[in-house]
Amino acid sequence: MTKRCLESPAPIDANENVARGLYSPGIFEDGKVTIAAVKMDELLPKLGHVDQCGDSSGVSVFRVDQINGEVQAKTELQAIVNRPSKNGIPRVAVGFAVLSVSAVTQIGDGPLLLLDDGKTGLTSHAVIRAPDGKEKAALRRARDNLVSLMNKSLHTFPAAVAAS
Amino acid sequence: MELALSSRPRPTYAHVPSVRYDVMADMMSGGIVASLDSTIDDVNLPFVPVTIPTERRSRPYVTKQLRNATFVIGLVSSMSFLETMPTVAADPVASWLSGWRGTVASNDTLQTFDGFFEPVGGSQHLAVLNDRIDRFVSLPAGWDGDDGVAPSQVAGVHSKAFLISLKTVNLPHECHAVGDGEIVLQWRGLDSFIEAAFDGSTVSWYAQIGTGAATYSDDVFVNAEAVDKRLTDAIDLIG
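All values reported here derive from a predicted model rather than from experimental measurement.

A separate point is the overall build of chain B. Of regular secondary structure, chain B possesses six helices and nine strands. When each of the 239 residues of chain B is scored for burial, the buried share is 47%. Sequence separation of at least 24 residues holds for 50% of the intrachain contacts in chain B that already meet a minimum separation of 6. Taken as a whole, chain B presents about 11200 Å² of accessible surface, with 55% of it coming from carbon and sulfur.

Here we take up the sheet that holds strand β4 (residues 59-63) of chain A. All names here are of chain A. Read from one edge of the open sheet, six strands run β6-β7-β4-β1-β5-β8, paired in antiparallel fashion. Where the open sheet ends on each side, the last strands, each with one partner, are β6 (113-116) and β8 (154-156). Neighbour to neighbour, the strand axes of the sheet diverge by 35° on average, direction disregarded. Note: strand β1 (residues 17-22) against β4, two bridges, orientation antiparallel. Bridge assignment links V18 to a residue of β4, and that residue is R63.

Per-residue confidence for chain A averages 89 on the pLDDT scale, and 95% of its residues sit at or above 70. This model gives residues 160-164 of chain A a pLDDT under 50, and the stretch forms 10 contacts once residues within four places in sequence are excluded.

It is worth spelling out the layout of surface pockets at this point. Of the voids in this model, the largest pocket is the one considered here, and its volume is about 740 Å³. Along its surface, the largest pocket is lined by 31 residues, and A:Y23, A:E42, A:G58, A:S60 and B:D146 are the ones closest to its centre. Contributions of two or more residues to the lining of the largest pocket are made by β1, α1 (40-43), β4 and α2 (69-82) of chain A. Broken down by element, the lining of the largest pocket gets its largest block of residues, four residues, from α2(A).

The terminal C-alpha atoms of α2(A) lie 20 Å apart, and with 14 residues this matches the ideal 20 Å at 1.5 Å per residue to within 8%. Counted residue by residue, α2(A) has 11 buried out of 14 residues, so it is predominantly covered.

Looking now at the pairing of strand β7 (residues 192-198) of chain B. Residue and element names in this part refer to chain B. Summarising burial for β7: seven of the seven residues are buried, a large majority. For strand β6 (residues 182-189) and β7, the ladder comprises seven bridges, and the chain directions are antiparallel. Bridge pairing in β7 links I183 to F198. Linking β6 to β7, which pair antiparallel, is a turn of two residues; within it D191 sits at a positive phi near 65°. Relative to strand β8 (residues 202-208), β7 runs antiparallel, the two sharing six bridges.

The next thing to look at is the nonpolar core. Judged by nonpolar contacts, the single largest core of 63 residues is most densely connected at A:L99, A:L114, A:I128, A:L146, B:F162 and B:W187. In terms of residues, this core owes the most to one element, helix α4 (residues 140-152) of chain A, which gives five residues. For A:L114, the residues in contact, after removing those within four places along its chain, are A:I12, A:V18, A:V61, A:V101, A:V104, A:T105, A:A126, A:V127 and A:I128. One finds A:A19, A:F96, A:L122 and A:F157 within the second-largest nonpolar core, a separate group that totals 13 residues.

Moving on, we get to the side chain of B:E182. Along the chain, B:E182 falls in strand β6. A residue is classified by how much of its surface remains accessible, and B:E182, at 2% relative accessible area, is buried. Among the polar contacts made by the side chain of B:E182, one reaches the side chain of A:R140 at a distance of 2.7 Å. Aside from chain neighbours lying at most four places away, what touches B:E182 is A:K136, A:R140, A:R143, B:P151, B:H176, B:A177, B:A197, B:F198 and B:D199.

Here the focus is the pairing of strand β7 (residues 125-129) of chain A. Residues and elements named next belong to chain A. Most of β7 is tucked away: five of the five residues are buried. A two-sided burial pattern is seen for β7, the buried positions comprising H125, V127 and R129 on one face and A126 and I128 on the other. Here β4 pairs with β7 via four bridges, running antiparallel. Directly across from V61, in β7, lies its bridge partner A126.

To continue, consider the sheet that holds strand β9 (residues 215-220) of chain B. Residues and elements named next belong to chain B. Taken in spatial order, the five strands of this open sheet run β5-β6-β7-β8-β9, and their pairing is antiparallel. At either end of the open sheet lies a strand with only one pairing partner, and these are β5 (174-178) and β9. Adjacent strand axes in the sheet meet at a mean angle of 15° when their direction is disregarded. Sheet strands touched by helix α4 (residues 126-137): β5 and β6. Its angle to β5, the strand with the most contacts, is close to 5°.

The next point concerns the environment of A:G26. Here A:G26 is to be found in the loop between β1 and β2 (28-29). Note: C-alpha distance between A:G26 and A:R91 (65 residues apart in sequence) is 9.3 Å.

We now examine the confidence of the model for chain B. All names here are of chain B. For chain B, per-residue confidence averages 65 on the pLDDT scale, and 48% of positions sit at 70 or higher. Every residue in residues 66-90 scores below 50 in pLDDT, and together they form 62 contacts with partners more than four places removed in sequence or on other chains. Contacts for the low-pLDDT stretch residues 110-123, under 50 throughout, to residues beyond four places or in other chains number 32 contacts. What the predictor reports for the complex is a pTM of 0.72 with an ipTM of 0.92.

Cut-offs applied
- Residues numbered from 1 in each chain as written.
- Chains lettered and ligands numbered in written order.
- Predicted model: local features only at pLDDT ≥ 70, side-chain atom pairs only at ≥ 80, totals over all residues.
- Heavy atoms only, no water.
- Helix = DSSP H or I, 4+ residues; strand = E, 2+ residues; numbered from the N terminus.
- Buried < 20%, exposed > 50% of the residue type's maximum accessible area, 1.4 Å probe, protein only.
- Contact = heavy atoms within 4.5 Å.
- Areas by Shrake-Rupley, 256 points an atom, 1.4 Å probe, with all protein chains shown as cover.
- Pairing = 2+ DSSP bridges.
- Axes fitted to C-alpha atoms, helices over the stretch in contact; angles between N-to-C directions.
- pLDDT = per-residue confidence, 0-100.
- 1 Å grid on protein atoms, 1.4 Å probe; cavity = no way out; pocket = protein on both sides within 12 Å on 5 of 7 lines; lining within 4 Å.
- Points joined across faces, edges and corners; volume = space filled by probe spheres on them.
- Expected span 1.5 Å × (residues − 1).
- Core = buried A, V, L, I, M, F, W, Y, C linked by side-chain atoms within 4.5 Å.
- Polar contact = N/O pair within 3.5 Å; in protein donor to acceptor, adjacent residues only side chain to side chain.

Structure (structure tokens):
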């Protein structure tokens, strides 16, 4: 397997982990992540996937076992939280779901792909997506399974723990 | 002056007993010596030295060098990061969460948002589901923190029409909004899963009962009675 993006540190390995930053209370209910955390349009955009290293389409994650992966994950989460929201409702950092690559790519009824997507400054960026050409309906259980994985590996910031 | 940064590939979390971060600044000696030491127990780490010429010891230049070294990217809007961060020997993910300095969700914010939706609470009452749908269609833009849109009024009408067409015992176990404008109904059973999503023009559904083959389709929503019989049959089995 070769890496896809020049700035990525290495090809994605089945034994590594990726972290998904979670930053909106709106995707939680009863302390659990709901399917609102993963839009179907992220897994499978209507107009097909965009491939532009660092900004490719898909569910954005960070390869936290790679050098700087943790720092980049946190930095990006902070940047998103600091970004003004459209509706004035502030984003708040809730935590991270840390997923093993093998668990994500072994989700049935997909399959889901995990692609390296590094760019300068965000070398550990990666995306989870469905292959182009799949039917949206076919991905519904895969999306649900992905959210279940997130809930199994949810790490919330200390202030958020009490609510979960 | 020399800026020393340690670097090594990080092992997978399954094998990491602890992670320690030490960031040390010494600006008293007229220079800046910083080390970001991401240490795994007692393993000796190779250092990657970055030399900062004395005449270029300005804050922006040092910051740039740190960025070039691809360490602490983005955290260095000022030199305030050069202080001791907590030493944590526990779950490595917890360790980086504890180092977080930004705004975090509080007990109140999460609970407030929970209260925004009337929980289904397992009661599967049509009135409760309808109330949730009413709330979904009036969600503000960006409600999911990710530029999400509220489901359309039409999506609300379609999903409610479908709910009314079901027997009471077949009402869904979960009902969610998603930021791409869908209202999603879900049924769960032992090894079984059904999802039907309404976006105002289509009903996109997936059904798998037990170890049987999954069926799914993206269909134009005409009316509740015209919904694919494979979906309603599956709901009859799981309901």
